[in-house]
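# Survey of secondary and tertiary structure
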Amino acid sequence: DGGITQSPKYLFRKEGQNVTLSCEQNLNHDAMYWYRQDPGQGLRLIYYSQIVNDFQKGDIAEGYSVSREKKESFPLTVTSAQKNPTAFYLCASSFGGQLSGANVLTFGAGSRLTVL
Amino acid sequence: KQEVTQIPAALSVPEGENLVLNCSFTDSAIYNLQWFRQDPGKGLTSLLLIQSSQREQTSGRLNASLDKSSGRSTLYIAASQPGDSATYLCAVRARNNDMRFGAGTRLTVKP
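A brief report on the enclosed structure follows. (Residues numbered from 1 in each chain as written. Chains lettered and ligands numbered in written order. Predicted model: local features only at pLDDT ≥ 70, side-chain atom pairs only at ≥ 80, totals over all residues. Heavy atoms only, no water.)

### Regarding the interface of chain B and chain A
Quoted interface sizes are often the accessible area lost when the parts come together. Each partner contributes to the interface: chain B provides 20 residues, whereas chain A provides 21 residues. Summed over both partners, the interface of chain B with chain A comes to about 1600 Å²; 51% of that surface belongs to carbon and sulfur atoms. Close ionic contact of A:Asp59 with B:Arg100 constitutes a salt bridge, the shortest N to O distance being 2.7 Å. Taken together, the links from chain B to chain A amount to four residue pairs in polar contact (both at pLDDT 80 or more). Of all elements in the fold, only strand 4 (30-38), strand 5 (44-51), strand 9 (86-94) and strand 10 (99-101) of chain B reach the threshold of two or more residues within the side of chain B that touches chain A. Sort the elements by how many residues they give to the side of chain B that touches chain A and strand 4 of chain B lands first, with five residues. Grouping the amino acids of the side of chain B that touches chain A by side-chain chemistry returns eight nonpolar, nine polar and three charged. (Contact = heavy atoms within 4.5 Å. Buried area = accessible area lost by both parts, 1.4 Å probe. Salt bridge = Lys/Arg side-chain N within 4 Å of Asp/Glu carboxyl O. Polar contact = N/O pair within 3.5 Å; in protein donor to acceptor, adjacent residues only side chain to side chain. Helix = DSSP H or I, 4+ residues; strand = E, 2+ residues; numbered from the N terminus. Nonpolar A, V, L, I, M, F, W, Y, C, P; charged D, E, K, R; others polar.)

### Notes on the environment of B:Gln34
Looking at where B:Gln34 falls in the secondary structure, it is placed in strand 4. Relative accessible area serves as the criterion here: at 1%, B:Gln34 is assigned to the buried category. Between the alpha carbons of B:Gln34 and B:Lys110 there is a distance of 26 Å; along the sequence they are 76 residues apart. In contact with B:Gln34, not counting residues within four places along its chain, are A:Val104, A:Leu105, B:Ser46, B:Leu48, B:Leu49, B:Leu89, B:Cys90, B:Ala91 and B:Met99. A polar side-chain atom of B:Gln34 sits 2.8 Å from a polar atom in the side chain of B:Ser46. (Buried < 20%, exposed > 50% of the residue type's maximum accessible area, 1.4 Å probe, protein only.)

### So, the state of the cysteines
Applying the stated criterion across every chain yields a total of two disulfides over all chains. The residue that forms a disulfide with A:Cys23 is A:Cys91, at a sulfur-sulfur distance of 1.9 Å. Handedness here is read from the sign of the S-S torsion; for A:Cys23 and A:Cys91, about -75°, the answer is left-handed. Of this pair, A:Cys23 sits in strand 3 (residues 19-25) while A:Cys91 sits in strand 9 (residues 87-94), and the two are 68 residues apart along the sequence. On the accessibility criterion, A:Cys23 (0% relative accessible area) is buried. A disulfide bridge connects B:Cys23 with B:Cys90, and the sulfur atoms are separated by 2.0 Å. Between B:Cys23 and B:Cys90 the sulfur-sulfur dihedral comes to about 75°; the bridge is accordingly right-handed. Of this pair, B:Cys23 sits in strand 3 (residues 19-25) while B:Cys90 sits in strand 9, placing them 67 residues apart in sequence. You can call B:Cys23 buried: its relative accessible area is 2%. (Disulfide = S-S within 2.5 Å.)

### A closer look at unusual backbone geometry
All names here are of chain A. Cis geometry is found at the peptide bond from serine 7 to proline 8, where omega equals -5°. Among the secondary structure elements, proline 8 is positioned in the loop between strand 1 (4-7) and strand 2 (10-13). Phi at asparagine 28 takes a positive value of approximately 60°, unusual for a residue other than glycine. Mapped onto the secondary structure, asparagine 28 falls in the loop between strand 3 and strand 4 (31-37). With a phi angle near 65°, asparagine 53 is a residue other than glycine that sits in the positive phi range. Residue placement: asparagine 53 occurs in the loop between strand 5 (44-51) and strand 6 (54-57).

If you want it as structure tokens, here you go:
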């Protein structure tokens, strides 16, 4: 079945450590996105990528980094510079990028990061 | 900057009741509006997408309406079932393609 796979589902990090969240899709989608979800708030865009080897900052990119070396993969690294990283992270993809407003977003199941 | 608000934050109803979830947005110059469902600890599932030129969309027991001029959308759920219990989020895509999400309404349908 086609879909988006995020791993790990749960991740614990000590302060000062970098961690990488994986996002893989087999939907042949061009665009991929990373969102952060906090209790009582809407999803906030961290980074997005419309094509391979290109990505753009979203609203809250500070303390995060991404890469897009393959169409299927869009890993997110939460660096030690991110002051409040405990959150639920959601990866999404679509056929078009931000410029294709009609395209529906497909989401992964999410990764919950907790800083100890 | 577009702001999206969903009221109420939580709603509890008995099984079989018809209900309405509300979504309001501050900038009426939108491209489309999408309703999602999110189960606890899971990702979002798209329910309905309404283009700015449309007034409503229907899928099964779900009906979403859009009134751009007043900056409002409603999601109507008919004959609610316990399986409808989830958080429902709306997201607005602006003409500059920026997408903004509401915080969601957490729905509980009691058997």
